[in-house]
Amino acid sequence: VAGRWEDPVQREIHQDWVNRKYIEVITSSIKKMADFLNSFDMPCHSRLSTLNEKLTALERRIEYIEAQVTTGETLT
């Protein structure tokens, strides 16, 4: 009795299906990671934008206070 994958053509077909399944799993995993990263990016981008605005406002206040101290003006 010959083995199940004795025929080279049958072996090649079987290996092709194994490879296709493997590629399908990898592709699906990559898509899931991309979806996660995209969903993670949106809130982070918004928070970083808000933080940048706050930092810019603080920098302006510091520059204003430094200018007042440098020129000897009294802080009110």
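Coordinates for the structure precede this section.
What you are looking at is a predicted structure, and each value in this text was computed from that prediction instead of being measured.

A. Structural view of the overall build of the protein chain. When its secondary structure is counted, the protein chain shows one helix and zero strands. Relative to its full complement of 76 residues, the protein chain shows a buried share of 1%. Within the structure as shown, the protein chain displays about 7,400 Å² of accessible surface, and the carbon and sulfur contribution to it stands at 60%.

B. Summary view of the pattern of salt bridges. If you walk through the whole model with that rule in mind, you get one salt bridge. Arg20 serves as the salt-bridge partner of Asp16, at 2.7 Å between the closest nitrogen and oxygen. Taken together, the residues Asp16 and Arg20, both in helix 1 (residues 8–71) and four residues apart, mark about one turn of the helix.

C. Representation of the packing of aromatic side chains within the structure. By the definition in use, this model includes one aromatic pair. Pairing Phe36 with Phe40 gives two aromatic rings, centres 5.9 Å apart and planes at 20 degrees, and the pair type is stacked. One end of the pair is Phe36 and the other is Phe40, both in helix 1 and four residues apart, which spans about a single turn. A cation over an aromatic ring shows up here: Arg20 above the ring of Trp17, its NZ or CZ 5.9 Å from the ring centre.

D. Just helix 1, in detail. The end-to-end C-alpha separation of helix 1 is 89 Å, in line with the 94 Å expected for 64 residues at 1.5 Å each. In the stretch just after helix 1, Gly72 is the one whose phi turns positive, near 80 degrees.

E. A nonpolar patch on the surface, seen in detail. Where nonpolar side chains cluster on the molecular surface, the patch consists of Tyr22, Ile23, Ile26, Ile30 and Met33 and spans about 530 Å² of accessible area. Note that Ile23 resides in helix 1.

Conventions used here
Residues numbered from 1 in each chain as written. Predicted model: local features only at pLDDT ≥ 70, side-chain atom pairs only at ≥ 80, totals over all residues. Heavy atoms only, no water. Helix = DSSP H or I, 4+ residues; strand = E, 2+ residues; numbered from the N terminus. Buried < 20%, exposed > 50% of the residue type's maximum accessible area, 1.4 Å probe, protein only. Areas by Shrake-Rupley, 256 points an atom, 1.4 Å probe, with all protein chains shown as cover. Salt bridge = Lys/Arg side-chain N within 4 Å of Asp/Glu carboxyl O. Phe/Tyr/Trp six-rings, centres within 6.5 Å; stacked < 30°, edge-to-face > 60°. Lys NZ or Arg CZ within 6 Å of the ring centre and 35° of its normal. Expected span 1.5 Å × (residues − 1). Patch = residues over 30% accessible without salt bridge, like charges linked within 9 Å, V, L, I, M, F, W, Y side chains within 5 Å.

These results come straight from atomic positions and should not be treated as a statement about function.
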